[in-house]
Amino acid sequence: MKVLAIDTSTMISTVTISEDDKIIGDFNVNQEKTHSESLVPMIETLLKLLGLELSDIDLFAIANGPGSFTGLRISMAVVKTLAQVKKKSIIPISTLEALANNSSSQNYKVSMLDARGNRVYAALYSPDLKEEIIKEDLYTIDVFSKMVNEMGFEVDLVGEICKKYAHMFEKGRILPLNFNTCIGKSLIKLALSKKDCKYDLFSLVPNYLRKSQAERDLEKK
């Protein structure tokens, strides 16, 4: 089975391809171009380098949020188009869960993404990721760190924003930079564990966790 995973939930565009249980290609770019400019060429380039056609892909995996509203919309549109054309299935994976999967220690996992204004998209997972101890949601960093500290667990802090807020976690461990981004391999692993799950292609939408700024501005009016 060949799986193609896509993530554009942050500034990094990621395309990863696996064959059976082996990662055969992993393409990550952090650049000023928008995901709409880089994503499709990245997919085409990686397939070409591997000597594959899009028709060779058996399953698509996507980080469906939370994260950048624009990035999530772009990747969702692309992967739904590819899956529909090739009549393949899509497995949506939480961006925060995939981040947590980057850590393989026996500590609990705190995944965080910057939501600006001292807010984070965040969740706390058990060491084996089988339990979401604190559900993924939008939190102020003060509220979320207090919730984690009250649990008393030693935790791995996963995500680029974690270094900024590490001092707020009493038993938090900052991970090296290679654990905090580029979740394509984790998307592959989690998608394979859910490969028999069925998701309706047409009802799949990004998990934003909050309304867009435009929606909030409209409500104010």
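Calculation criteria
Residue positions are given per chain, counting from 1 as you read along its sequence in written order. Reporting in this predicted model follows two pLDDT cut-offs: at least 70 for local features of residues, and 80 or more for side-chain atom pairs to be given and counted; totals over whole chains, interfaces and linings ignore these cut-offs and use all residues. The side-chain figures draw on all heavy atoms in the structure; neither hydrogens nor water molecules are used. In this description a helix means any DSSP run of H or I spanning at least four residues, a strand means any run of E spanning at least two, and both kinds are numbered starting from the N terminus. Each residue is placed in one exposure class: buried if its accessible area under a 1.4 Å probe, protein chains only, is under 20% of its type's maximum, exposed if it is over 50%, and partly exposed if it falls in between. Between two residues, a contact is recorded if the distance between any of their heavy atoms is within 4.5 Å. Side-chain rings of Phe, Tyr and Trp, where Trp is taken by its six-membered ring, are said to pair if the distance between their centres is within 6.5 Å; with planes under 30 degrees apart they count as stacked, over 60 as edge-to-face, and otherwise as tilted. For helices, the axis comes from a line fit to the C-alpha atoms of the stretch in contact; other axes are also lines fit to C-alpha atoms, and the angle between any two N-to-C directions lies between 0 and 180 degrees. We call a crossing left-handed when the near helix sits turned anticlockwise from the far one by less than a right angle, and right-handed when that turn is clockwise. At least two bridges found by DSSP between two strands is the condition for calling them paired.

Q: Just give me the short version of the side chain of asparagine 64, but keep the residues and values in it.
A: Inspection of the secondary structure assignment puts asparagine 64 in the loop between strand E4 (59-63) and helix H2 (69-86). Owing to a relative accessible area of 14%, asparagine 64 belongs among the buried residues under this scheme. Excluding residues within four positions of it along the chain, asparagine 64 makes contact with Leu72, Met76, Pro92, Ile93, Ser94, Thr95, Val205, Pro206 and Asn207.

Q: Help me get a handle on the packing of aromatic side chains, residues and values and all.
A: Scanning all chains against the criterion turns up 4 aromatic pairs. A centroid spacing of 4.6 Å and a plane angle of 25 degrees characterise the contact between phenylalanine 69 and tyrosine 208, whose relative ring orientation is stacked. Taken as a pair, phenylalanine 69 in helix H2 and tyrosine 208 in the loop between helix H6 (184-193) and helix H7 (213-220) lie far apart in primary sequence, 139 residues in all. The exposure class of phenylalanine 69 is buried, given its relative accessible area of 14%. A ring pair is formed by tyrosine 139 and phenylalanine 144, whose centres lie 5.3 Å apart and whose planes are at 35 degrees; its orientation type is tilted. Linked through ring pairs, Tyr139, Phe144 and Phe169 together constitute an aromatic cluster.

Q: Now, about the packing of helix H1 (residues 35-50) against H2: what can you tell me, with residues and values included?
A: In the contact formed by H1 and H2, the axes pass within 10 Å of each other and the chain directions differ by 35 degrees. Here H1 and H2 pass one another in a crossing that is right-handed. Of the residues in H2, those in contact with His35, Ser36, Leu39, Val40 and Ile43 of H1 are Gly71, Ile74, Ser75, Val78 and Leu82.

Q: Summarise unusual backbone geometry; cite the residues concerned and give the values.
A: Most peptide bonds take the trans form, and the phi angle of most residues other than glycine is negative. Here glycine 65 and proline 66 are connected by a cis peptide whose omega angle stands at 5 degrees. Inspection of the secondary structure assignment puts proline 66 in the loop between E4 and H2. Phi angles above zero are rare outside glycine, and lysine 87 is one such case at about 55 degrees. Looking at the element boundaries, lysine 87 is found in the loop between H2 and strand E5 (89-93).

Q: Which residues make up the sheet that holds strand E2 (residues 12-19), and what values go with them?
A: Strand order across the open sheet formed by 5 strands is E3-E2-E1-E4-E5, with mixed pairing between neighbours. Taken across any chain shown, the strands that pair with only one partner, and hence form the sheet edges, are strand E3 (22-30) and E5. Neighbouring strand axes in the sheet, compared pairwise and without regard to direction, differ in orientation by 15 degrees on average. Strand direction decides the pairing type here: E2 and E3, joined by 8 bridges, are antiparallel. Considered in E3, the bridge of valine 15 is made with phenylalanine 27. Sitting on the sheet, H1 touches strand E1 (2-7), E2 and E3, and the angle it makes with E2 is about 25 degrees. Along the sheet, H6 makes contact with E1, E2, E3, E4 and E5, crossing E1 at roughly 130 degrees.

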